[in-house]
Amino acid sequence: MKATTSASSSFVVKGNTACVKKIKRSECRRHQRCDVARRQQQLGRRREAAATTRAATARAAMIEDEVALEEAPLTLLRPGGEGDSNEMRAKFEKMVREAQNDICKAIEDLDGGKFHEDAWERPGGGGGISRVLQGGKVFEKAGINVSVVYGQMPPEAYRAATGEQGVGSETIPFFAAGISSVMHPINPMAPTVHFNYRYFETDAPKDDPNAPKAWWFGGGTDLTPSYIFDDDVAHFHGILKDACDKHDPEYYPKFKQWADDYFLIKHRGERRGVGGVFFDDMNDRPKEELLAFATDMAQAVVPAYVPLVAKHKDDSFTQEQKDWQQMRRGRYVEFNLVYDRGTTFGLKTGGRIESILMSLPLTARWQYDMQPKEGSREADALDAFKNPRTWLA
């Protein structure tokens, strides 16, 4: 009896233990399900909040949609924008529009074709004029944009435009005016050129009203040949140096180095070309002095570049040399879409896509693991792109 009672008691104890364990496992699973549901709800709320934030940022970033015009207006500034407080805005617009006219004429004289012009404006002020010559006798594609833009800049666009890492979370009112151009010749012996000159102003963000209002000038001109002709590159750099020396003998060496650093395709470890000059965020001198410098640099484009294309537009070339040109244009595309400040700024602020991507060549090529033969002209060009040279004595 005692043994039975003992055995029975033992059984009961063991049975109770099993029941307790089952209950605990059931409660644990219920808690786990609740935790999963709670995390899913939290995740859903975070995703909804993130989507709302992205939408708000996109709305803030978007510059107003443009309205096509039948012809370019006399000014792209807002009514009254040429007043005393914004005098530099009017002067800079005048400079870039004159430069656009002069450079377009020089290219048309060389090519024999005509630029197609699109002009537009935005309801809140600003607008632009794009001129593109495509499928010409000398140029596969050449474009020159002038733009005057008013908008609200999200912090990430401000960082893209300035390279700065700071600023708060509020959008920043801005004004930007500039001229930008890229020209891609047909002949692989003739080089591509890019230039851009701009003036930029910001107001203080709402969440930091004490922040100073910023203004600066920026720009540069650089050469991208597929094949290196030392005399051509020296001529190009020499004209730019002369323009720099009129204002400061330290400009050319400083801005030449800046160009070599800026036009680096980091993931390739090579530059897109043989450089030129590049400067940005310049506000260390009176505005009038910097306007004069930007004006002289824009006026140097034609004498620095057009003679080089005239010299090589009729050179003979092989299909292999054409393929190499297309490869180098692929590198050009990579730089512009990944690293170029102007392109990334335009994309992040909802600018006019056709104008922003005008810089891209009509055709390009990406060939898997293409390596030039040792001692070839292609290898010499690649060496110049990887190891910037001193082109002037």
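Residues numbered from 1 in each chain as written. Predicted model: local features only at pLDDT ≥ 70, side-chain atom pairs only at ≥ 80, totals over all residues. Heavy atoms only, no water.

Examining the packing of helix 4 (residues 230–245) against helix 7 (residues 301–312)
Contact geometry for helix 4 and helix 7: axes closest at 8 Å, N-to-C directions at 160°. Between helix 4 and helix 7, the angle falls in the class roughly antiparallel. Between helix 4 and helix 7 lies a crossing whose hand is right-handed. Contacts from Asp232, His235, Phe236, Ile239 and Leu240 of helix 4 reach helix 7 at Pro303, Ala304, Pro307, Leu308, Lys311 and His312. Residues that form the contact of helix 4 with helix 7 fall into these classes: 7 nonpolar, 2 polar and 2 charged. (Axes fitted to C-alpha atoms, helices over the stretch in contact; angles between N-to-C directions. Helix = DSSP H or I, 4+ residues; strand = E, 2+ residues; numbered from the N terminus. Parallel < 35°, antiparallel > 145°, perpendicular 65-115°, else oblique. Left-handed = near helix turned anticlockwise from the far one by under 90°. Contact = heavy atoms within 4.5 Å. Nonpolar A, V, L, I, M, F, W, Y, C, P; charged D, E, K, R; others polar.)

Focus: the pattern of salt bridges
Enumeration according to the criterion identifies 26 salt bridges in this entry. Between Lys114 and Glu108 there is a salt bridge, with its nearest N and O atoms 3.7 Å apart. On the accessibility criterion, Lys114 (66% relative accessible area) is exposed. The salt bridge partner of Lys246 is Asp296, with a shortest N-O separation of 3.2 Å. (Salt bridge = Lys/Arg side-chain N within 4 Å of Asp/Glu carboxyl O. Buried < 20%, exposed > 50% of the residue type's maximum accessible area, 1.4 Å probe, protein only.)

Some thoughts on the side chain of His194
As for its position among the elements, His194 is in strand 6 (residues 192–202). Residue classification places His194 among the buried residues on the basis of a relative accessible area of 11%. For His194, the side chain forms a polar contact with the side chain of Asp222, separated by 2.7 Å. Of note is the side chain of His194, whose polar atom sits 3.3 Å from the side chain of Arg272. In contact with His194, other than residues within four places in its own chain, are Ser181, Val182, Gly220, Thr221, Asp222, Phe263, Arg272 and Tyr332. (Polar contact = N/O pair within 3.5 Å; in protein donor to acceptor, adjacent residues only side chain to side chain.)

Regarding the packing of aromatic side chains
What the rule picks out here adds up to 21 aromatic pairs. On the numbers, 5.8 Å between centres and 5° between planes, the contact of Phe174 with Phe200 is stacked. With Phe174 in strand 5 (residues 172–185) and Phe200 in strand 6, the pair connects residues that are 26 residues apart, well separated along the chain. For Phe174, a relative accessible area of 5% corresponds to the buried category. A ring pair is formed by Phe255 and Trp258, whose centres lie 6.2 Å apart and whose planes are at 50°; its orientation type is tilted. Taken together, the positions of Phe255 and Trp258, both in helix 5 (residues 251–262) and 3 residues apart, correspond to about one turn of that helix. We classify Phe255 as buried; its relative accessible area is 1%. (Phe/Tyr/Trp six-rings, centres within 6.5 Å; stacked < 30°, edge-to-face > 60°.)

As for unusual backbone geometry
One non-glycine residue with positive phi stands out, namely Asp281, at about 55°. Here Asp281 lies in strand 10 (residues 275–282). At Asp369, a position not held by glycine, the phi torsion is positive, near 50°. By the element assignment, Asp369 lies in the loop between helix 10 (353–356) and helix 11 (377–386). Look at Asp369 and you get exposed, because its relative accessible area is 55%.

Observations regarding helix 11
What helix 11 keeps buried is the set Glu378, Ala381, Leu382, Ala384 and Phe385. Along helix 11, the residues classed as buried sweep out an arc of 155° about the axis, all on the same side. (Arc of directions from axis to C-beta.)

Structural notes on the environment of Leu337
Residue position: Leu337 is located in helix 8 (residues 319–338). Through-space distance from the C-alpha of Leu337 to that of Leu360 is 9.0 Å; in sequence the pair is 23 residues apart.

Thoughts on the packing of helix 8 against helix 11
For any two helices packed against each other, one specifies the crossing angle of their axes together with the interaxial distance. For the pair helix 8 and helix 11, interaxial distance at closest approach is 12 Å and the crossing angle is 20°. On the basis of their axis angle, the class for helix 8 and helix 11 is roughly parallel. Both helix 8 and helix 11 take part in a crossing whose hand is right-handed. Contacts between helix 8 and helix 11 involve Gln321, Trp324 and Arg328 on the former and, on the latter, Glu378, Ala381, Leu382 and Phe385. A breakdown of the residues in the contact of helix 8 with helix 11 according to their chemical character gives 4 nonpolar, 1 polar and 2 charged.

Thoughts on the environment of Arg272
Structurally, Arg272 can be placed in the loop between strand 9 (270–271) and strand 10. Take Arg272: its relative accessible area is 1%, and that puts it in the buried class. Distance in space between the C-alpha atoms of Arg272 and Ser226 is 9.7 Å, their sequence separation being 46 residues. A polar contact of 3.1 Å, which involves the side chain of Arg272, links it to the side chain of Asp222. Polar side-chain contacts of Arg272 include one of 3.5 Å to the side chain of Tyr332.

Observations regarding the pairing of strand 3 (residues 126–134)
Counting buried positions along strand 3 gives 7 out of 9 residues, so the element sits mostly inside the fold. Between the antiparallel neighbours strand 2 (residues 116–121) and strand 3 lie 4 residues, among them Gly125 with a positive phi of about 115°. Counting the residues in the hairpin turn of strand 3 and strand 4 (residues 139–153) gives 4 residues, including Gly135, whose phi is positive at 70°. (Pairing = 2+ DSSP bridges.)

Description of helix 9 (residues 341–348)
Within the sequence span of helix 9, burial applies to Thr343, Thr344, Phe345 and Gly346. Capping of helix 9 at its N-terminal end is provided by Asp340; its side-chain oxygen lies 2.9 Å from the backbone amide nitrogen of Thr343. Residue Gly350 follows helix 9 closely and has a positive phi angle near 70°.

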